[in-house]
Amino acid sequence: MSNNIVAIVGRPNVGKSTLFNRLIQRREAIVDSVSGVTRDRNYGKSEWNGKEFSVIDTGGYVRGSDDVFEGEIRKQVELAIDEADVIIFVVDVEEGITPMDETVAKLLRKVTKPVLLAVNKVDNAMREKDAVEFYNLGLGDYYTFASISGSGTGDLLDALIEAFPEKPEPVQAAEELPRFAVVGRPNAGKSSFINALIGKDRYIVTDIAGTTRDAIDTKFDRFGFEFNLVDTAGIRRKAKVKEDLEFYSVMRSVRAIEHADICILVIDATRGFEGQDQSIFWLAEKNRKGVVILVNKWDLVEKDTMSTRDYEEKIKKELMPFTDVPILFVSALTKQRLLKALEATVQVFENRKQRISTSKFNEYMLKVIEAYPPPAMKGKYVKIKYCMQLPTQTPQFVFFANLPQYVKEPYKRYLENKIREKWDFAGVPIDIYIREK
């Protein structure tokens, strides 16, 4: 079931990002820190009272100076309204109601989704009184908080959880088909790729970036494969094409990625592996999904004998430290290597499901650890005597040690690399935990 999505909106400099950081740190403090988590500043996972949700900080996408164009803000808010389940509208008690706040409020008053008005920088009784003026925005009750100290965020979060829509429990099919999401920046060729696979033009393909609008599921049953393809696609009115596409496609990808088992990341060979492609990649990695990268439009690239290797090296450099990812060079137009792409995706799905027996895992890993034990710290030696794979949906391994606090990130990476050398986990993020025995 997909998580609820919360969008934080408001004009620049009201403390949206501070609130965003506070929300996701609450979550990061609970789970082990995962390398690569900080690469995408605008999207994070949070949890409150046992409910998980995704948070999107629209502010991170508004480029420009403090007096950023009103149109830019309006665009962000419209997109947030489109995509989110609940919207937090942040205002600043020090500055009171500004014309830009009124513009945002006007948009939000028309919305049927829950909107929580959050008044920031309220850290004393005087300011509590000042906050009353925000009733004039016509959005009903408000919540006061101070994002720097965190006071008041508990009440805001309680209200947020209350506001989430009731989502029906998914009906379990007898055999749930794997879900493969086709993601990528606008105009990378996602719809052309799906059309080439399905063999009919189910999606309208134009060379206008972002003609695709809704995530659509297609059951795929050809060449001996059977799965659901989730395209972050559909049709969008041309009038809307000028929106902030970077923000749009990341918003759109959040839903599709959370829904999927494996993400097929389509990138445009003529443009290279850009920042936005990386954002989407880390989004999938953060959600512990399998990933396959397809370099599309390869037929349009001038090549010499080294081209694919150079290109692959370049991408892997950007993916550090998670470089064990299949990268295929394809062309949706000429249908070049599309079957290979499918085979690779199915293989990643199998890799993600694989279970290693505890006896085999110990037999191999304990020898590896003996050959290169964790470095001693403060004159104390770390001993790992037992390890196993956890019975979780994604590959997670636990190693039991006498002094788990002394096992640092580089050694965990060494263990992960050794696991990958022995077993095929290509395209799949792995979690390593060190626990006290």
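What you see is a predicted model; the values in this text were computed from it and never measured.

Caption draft 1: Seen up close, the overall build of the protein chain. Secondary structure summary: the protein chain contains 12 helices and 15 strands in total. In the protein chain, buried positions account for 54% of the 437 residues. Here the analysis covers contacts within the protein chain between residues at least 6 apart in sequence; of these, 72% occur between residues at least 24 apart. For the protein chain, the accessible area works out to roughly 20600 Å², and carbon and sulfur atoms hold 49% of it.

Caption draft 2: Molecular detail of the packing of aromatic side chains. Counting across every chain of the model gives 18 aromatic pairs. With a centroid separation of 5.1 Å and an interplanar angle of 85°, the aromatic rings of F281 and W282 are classed as edge-to-face. Aromatic side chains F281 and F322 sit 5.8 Å apart centroid to centroid with 35° between the ring planes, which places their arrangement in the tilted category. Here F281, found in helix 8 (residues 275–286), pairs with F322, found in the loop between helix 9 (307–319) and strand 12 (327–329); they are 41 residues apart in sequence, far enough to count as distant. Among the residues examined, F322 registers a relative accessible area of 5% and is labelled buried. Following the ring pairs from residue to residue traces out a cluster consisting of F361, Y364, F397, F399, W423 and F425.

Caption draft 3: How the structure looks around the environment of F53. Residue position: F53 is located in strand 3 (residues 51–57). For F53, a relative accessible area of 0% puts it in the buried group. What F53 contacts, discounting residues up to four positions off in sequence, is N3, N4, V6, G44, K45, S46, E47, W48, L157, L160, I161 and F164.

Caption draft 4: Broad picture of the pairing of strand 4 (residues 86–92). Counting buried residues along strand 4, 7 of its 7 residues qualify, which places the element largely inside the surrounding structure. On strand 4, burial covers both faces: V86, I88, V90 and D92 on one face and I87, F89 and V91 on the other are all buried. Summarising the sheet, strand 1 (residues 4–9) and strand 4 pair through 4 bridges and their orientation is parallel. Bridging across to strand 4, A7 finds its partner in I87. Relative to strand 5 (residues 115–120), strand 4 is paired through 6 bridges, and the arrangement is parallel. By the bridge assignment for strand 5, V91 is matched with V119. Assessed by its sense of winding, the connection that carries the chain from strand 4 through helix 3 (residues 99–109) to strand 5 is right-handed.

Caption draft 5: Representation of the pairing of strand 7 (residues 179–183) within the structure. Counting buried positions over the 5 residues of strand 7 gives 5, a clear majority of the element. As defined by bridge partners, strand 7 adjoins strand 10 (residues 262–268) across 4 bridges and the pair is classed as parallel. Within the sheet, the bridge partner assigned to V182 lies in strand 10 and is I264.

Caption draft 6: Focus on the sheet that holds strand 13 (residues 384–389). Read across the open sheet, the 3 strands follow the order 13-14-15; overall the sheet is mixed. One side of each edge strand has no neighbouring strand; the edge strands of this open sheet are strand 13 and strand 15 (431–436). With direction set aside, neighbouring strand axes in the sheet form an average angle of 20°. Pairing geometry for strand 14 (residues 396–401) and strand 15, over 6 bridges, is parallel.

Caption draft 7: Unusual backbone geometry, seen in detail. Here the residue pair M320 and P321 is connected by a cis peptide bond, since its omega of 0° sits within 30 degrees of zero. Considering the arrangement of structural elements, one finds P321 in the loop between helix 9 and strand 12. Although it is not a glycine, R288 adopts a positive phi angle of roughly 60°. Along the chain, the position of R288 falls in the loop between helix 8 and strand 11 (290–296). Non-glycine residue R337 carries a positive phi angle of around 60°.

Caption draft 8: A look at the environment of K383. Structurally, the position occupied by K383 is in the loop between helix 11 (358–371) and strand 13. Here the alpha-carbon distance between K383 and E370, two residues 13 residues apart in the chain, equals 9.2 Å. If near-sequence neighbours (up to four positions away) are discounted, K383 is found in contact with F400, A401 and N402.

Caption draft 9: View of the nonpolar core. Counting residues in hydrophobic clusters, the biggest one holds 54 residues, and the most contacted among them are F89, L108, F281, I293, V295 and I315. If one sorts the elements of this core by residue count, helix 8 sits on top with 5 residues. Each of domain 1 (4–163) and domain 2 (179–353) accounts for three or more of the residues forming this core. Setting aside residues no more than four positions away along its own chain, F89 makes contact with V9, G10, D101, V104, A105, L108, V115, L116, L117, A118, L137 and L139. Residues F193, L229, L294 and F349 belong to the second largest nonpolar core, which totals 27 residues.

Caption draft 10: Layout of the pattern of salt bridges. Evaluated as defined, the whole model comprises 13 salt bridges. Measuring nitrogen to oxygen at the nearest pair gives 3.5 Å for the salt bridge that ties R127 to D123. Look at R127 and you get partly exposed, because its relative accessible area is 21%. Relative accessible area serves as the criterion here: at 51%, D123 is assigned to the exposed category. Of the charged contacts in the structure, one is a salt bridge between E285 and R288, with a shortest N-O distance of 3.2 Å. What makes E285 buried here is its relative accessible area of 5%. Since its relative accessible area comes to 12%, R288 is described here as buried. When salt bridges with common partners are traced through the structure, they connect E94, D123 and R127 into a single cluster.

Rules behind the numbers
Residues numbered from 1 in each chain as written. Predicted model: local features only at pLDDT ≥ 70, side-chain atom pairs only at ≥ 80, totals over all residues. Heavy atoms only, no water. Helix = DSSP H or I, 4+ residues; strand = E, 2+ residues; numbered from the N terminus. Buried < 20%, exposed > 50% of the residue type's maximum accessible area, 1.4 Å probe, protein only. Contact = heavy atoms within 4.5 Å. Areas by Shrake-Rupley, 256 points an atom, 1.4 Å probe, with all protein chains shown as cover. Phe/Tyr/Trp six-rings, centres within 6.5 Å; stacked < 30°, edge-to-face > 60°. Pairing = 2+ DSSP bridges. Right-handed = clockwise from strand over helix to strand, strands pointing away. Axes fitted to C-alpha atoms, helices over the stretch in contact; angles between N-to-C directions. Core = buried A, V, L, I, M, F, W, Y, C linked by side-chain atoms within 4.5 Å. Domains from an automatic or database assignment. Salt bridge = Lys/Arg side-chain N within 4 Å of Asp/Glu carboxyl O.

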